[in-house]
Amino acid sequence: MQKIKLNDEVIIIAGKDKGSTGTVTKVLDSKVVVEGMNIAKKHVKANPNAGVTGGIVDTEMPLAVSNVAIFNAETNKADRVGIRTNKDGNKERFFKSNGKAIV
């Protein structure tokens, strides 16, 4: 089970966007793409057959999972994630600071 999943609210703890919060839009192997963060300028070649205009485009680049932490709305801080088995026998993620399940 992954500790950070799609649509999780995360806070960036390292890098140029340190301290910013955002939503995870894509989860790669050991990287995540956070909405509106880690923007880079990419040069795109025009492709008239596909209807793509060329130029310089701003794109969201992936961040390493180690550089983001899940955001706990109750404490307004970054938090660590644990995995436990609940009473039904299913695995669930929880905040290490207060033990509440992550929905």
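Let me begin by describing the structure that accompanies this report. None of the values given here were measured: they were computed from a predicted structure.

## What about the nonpolar core?
Nonpolar side chains in soluble globular proteins generally cluster together in the buried interior.
Okay, step 1: Grouped together as the largest cluster of nonpolar side chains are 9 residues: Ile4, Val10, Ile12, Val24, Val32, Val34, Met37, Leu63 and Val68.
Okay, step 2: At the level of secondary structure, the elements contributing two or more residues to this core comprise β1 (9–12) and β3 (31–34).

## Brief notes about the sheet that holds β3
Okay, step 1: Spatially, β6-β3-β2-β1-β7-β8 is the arrangement adopted by the 6 strands of the open sheet, whose pairing is antiparallel. Strands with a single pairing partner mark the edges of an open sheet, and in this sheet they are β6 (63–64) and β8 (77–79).
Okay, step 2: As paired elements, strand β7 (residues 68–72) and β8 share 3 bridges and run antiparallel to each other. Looking across to β8, one finds that Ile70 is bridged to Asp79.

## Section: the side chain of Asp79
Okay, step 1: The topology assignment puts Asp79 in strand β8.
Okay, step 2: There is a polar contact of 3.0 Å between the side chain of Asp79 and the side chain of Asn72.
Okay, step 3: Ignoring any residue separated from it by four or fewer positions in sequence, one finds Asp79 in contact with Ala69, Ile70, Asn72, Phe95, Lys96 and Ser97.

Thresholds, definitions, all that
Residues numbered from 1 in each chain as written. Predicted model: local features only at pLDDT ≥ 70, side-chain atom pairs only at ≥ 80, totals over all residues. Heavy atoms only, no water. Core = buried A, V, L, I, M, F, W, Y, C linked by side-chain atoms within 4.5 Å. Buried < 20%, exposed > 50% of the residue type's maximum accessible area, 1.4 Å probe, protein only. Helix = DSSP H or I, 4+ residues; strand = E, 2+ residues; numbered from the N terminus. Pairing = 2+ DSSP bridges. Polar contact = N/O pair within 3.5 Å; in protein donor to acceptor, adjacent residues only side chain to side chain. Contact = heavy atoms within 4.5 Å.

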